[in-house]
Amino acid sequence: MPKIIQGKFKILYNKKAGPDYFKMAICAPGIAQKALPGQFVHLRCQNSVEPLLRRPFSFHRINRNNFEILYKVVGRGTNLLAKRRKGDKIDVLGPLGNGFTATRSKIILAAGGMGVAPLLALAEKLADRKKIVVLLGAKTKGSVLCAGDFKKLGVKLQIATDDGSQGYKGLVTDLLKKLLLLRATHPPTSLGTGNAQRTTIYACGPKAMLKEIARISRRFRMPAYASLEEDMACGVGACLGCAVKTTAGYKRVCKDGPVFNLQEIKWS
Ligand SMILES: Cc1cc2nc3c(=O)[nH]c(=O)nc-3n(C[C@H](O)[C@H](O)[C@H](O)COP(=O)(O)OP(=O)(O)OC[C@H]3O[C@@H](n4cnc5c(N)ncnc54)[C@H](O)[C@@H]3O)c2cc1C
Ligand code: FES
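Remember, predicted model here, so these are calculated numbers, not experimental data. (Residues numbered from 1 in each chain as written. Chains lettered and ligands numbered in written order. Predicted model: local features only at pLDDT ≥ 70, side-chain atom pairs only at ≥ 80, totals over all residues. Heavy atoms only, no water.)

1. Considering the overall build of the chain
Here is the rule: Only runs of H or I of at least four residues qualify as helices and only runs of E of at least two qualify as strands under DSSP, and these elements are numbered from the N terminus. Between the two quantities, the radius of gyration covers C-alpha atoms and the globule rule is 2.2 Å times the number of residues to the power 0.38. Exposed residues in this analysis have more than 50% of their type's maximum accessible area, buried residues have under 20%, and partly exposed residues fall in between, with area computed by a 1.4 Å probe over protein chains only. All accessibility values rest on the Shrake-Rupley procedure with a 1.4 Å probe; residue burial counts only the protein chains present in the view.
Across its full length, the chain carries seven helices and 16 strands. The C-alpha atoms of the chain give a radius of gyration of 18 Å, which matches the 18 Å a tight globule of 268 residues would have. Its C-alpha atoms put the chain at 60 × 40 × 35 Å along the principal axes. The buried share of the chain, taken over its 268 residues, is 51%. Taken as a whole, the chain presents about 12500 Å² of accessible surface, with 52% of it coming from carbon and sulfur.

The following block contains the structure:
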């Protein structure tokens, strides 16, 4: 288990990336050099005791001496985070949790909304070694995130929007089903042959989406892993505040996850 670092580190930028979205880069070489896609940092949103609880964010980009998070402003903590400025110091705890492990040669990344955050880090790590198909789901064209970043990596990209304003009209899980059905009935061109044996799905997004991916992956006998999100307090496995029900009893998202095999999760 790599050492967890806690300290105050300099914000390199904190810029708008969409209507309610921001990207923040933090210069923290010790954390960046240990970080794995799927792991996360626990941030104090401002330098005071209030709000008391840190907020968890996935590594979105991992560089040699810094890392980037992509976040959506949804409540008090992220509102305060959005006010932080370049040059400010921010209190960071990380890297935390277990990241994605990729052993198979072909991967499908399925992102729902903000779920794209950890999947770009994974794609950047694997793009030169694996065949990657990225399925990006969003409500509308305006909320499609990171399409340009994935294109730059040369991966195959398909977009689904709820209202059809960009790409396929419907859910990202429908796109996934279509892709897998197509490959089951036709010799695949995008991922080569023997896909079910060689392909793994990695996902992040709303619970309903992950539950559906668990069902689809079972049907197509393909392993699927996802980074889960639960409200967190300590972030290091001490408070049991983030427990999820699994086939092996309750597990802590912060310490045993956040990446889980989707067949392990007991959906309620
Ligand atoms: C592993 C992981 C990775 C994540 N990665 C990302 C990411 O990359 N990008 C992103 O946008 N989001 C990510 N999230 C979600 C993100 O952490 C939340 O959106 C964020 O915490 C919202 O904070 P908020 O204060 O703005 O919202 P709020 O809804 O105000 O607060 C969020 C949570 O903080 C706690 N809380 C707040 N106030 C109190 C209180 N008074 N008493 C007790 N508890 C309180 C609660 O648990 C509450 O649900 C991730 C979550 C997890 C678990
Ligand atoms: S947040 Fe405390 S155990 Fe996970």
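Okay, back to it.
2. What to know about the sheet that holds strand β3 (residues 40–43)
Here is the rule: Pairs of strands are assigned from DSSP output, requiring at least two bridges between the strands.
Reading across from one edge, β4-β3-β7-β1-β2-β6-β5 is the order of the seven strands in this open sheet, with antiparallel pairing throughout. The outermost strands of the open sheet, each flanked by one partner alone, are β4 (55–58) and β5 (61–62). The pairing of strand β1 (residues 5–16) with strand β7 (residues 89–96) spans six bridges and is antiparallel. Within β7, the position partnered with glycine 7 by the bridge is valine 92.

3. Side note on the site of ligand 1
Going by this rule: A cutoff of 4 Å decides nearness: a residue is near a molecule or strand if any of its heavy atoms lies inside that distance of it. Gly is put with the polar residues, along with every residue not named as nonpolar or charged; the nonpolar set is Ala, Val, Leu, Ile, Met, Phe, Trp, Tyr, Cys and Pro, and the charged set is Asp, Glu, Lys and Arg. Boundaries between domains were set according to an automatic or database domain assignment.
The immediate surroundings of ligand 1 are formed by 22 residues, with Arg55, Pro56, Leu70, Gly77 and Thr78 found nearest. Within the complex, 69% of the 960 Å² of free accessible area of ligand 1 lies under protein. Only β4, β6 (66–72) and α2 (76–82) provide two or more residues apiece to the shell around ligand 1. Among the elements that make up the shell around ligand 1, the one with the highest residue count is β4 (four residues). Residues that form the shell around ligand 1 fall into these classes: twelve nonpolar, four polar and six charged. The residue makeup of the shell around ligand 1 includes at least three contributed by each of domain 1 (5–96) and domain 2 (106–264).

4. So, the pattern of salt bridges
Formally: Put simply, a salt bridge is a Lys or Arg side-chain nitrogen that is within 4 Å of an Asp or Glu carboxyl oxygen.
On inspection of all chains with the given rule, the structure shows 14 salt bridges. Arginine 61 serves as the salt-bridge partner of aspartate 149, at 3.4 Å between the closest nitrogen and oxygen. Of this pair, aspartate 149 sits in helix α4 (residues 147–153) while arginine 61 sits in strand β5, placing them 88 residues apart in sequence. A relative accessible area of 19% means that arginine 61 is categorised as buried. Of the charged contacts in the structure, one is a salt bridge between glutamate 230 and lysine 207, with a shortest N-O distance of 2.7 Å. With glutamate 230 in the loop between β13 (224–227) and β14 (243–246) and lysine 207 in helix α7 (residues 207–219), the pair connects residues that are 23 residues apart, well separated along the chain.

5. Some details on unusual backbone geometry
A cis amide bond, omega -5°, links glycine 94 with the succeeding residue proline 95. Positionally, proline 95 belongs in strand β7.

6. A closer look at the domain arrangement of the chain
Often, the extent of an interface is quoted as the loss of accessible area on bringing the components together. Threshold: Contact definition: two residues touch when any of their heavy atoms are within 4.5 Å. In this description, buried area is defined as the sum, over both parts, of the accessible area (probe of 1.4 Å) that is lost when the two are combined.
When cut into domains, the chain gives domain 1 (5–96) and domain 2 (106–264). Between domain 1 and domain 2, the C-alpha centre-to-centre distance is 23 Å. Taken residue by residue, the interface counts 22 residues in domain 1 and 23 residues in domain 2. Both faces considered, domain 1 and domain 2 share a buried interface measuring about 1700 Å² in area, 65% of it formed by carbon and sulfur atoms.

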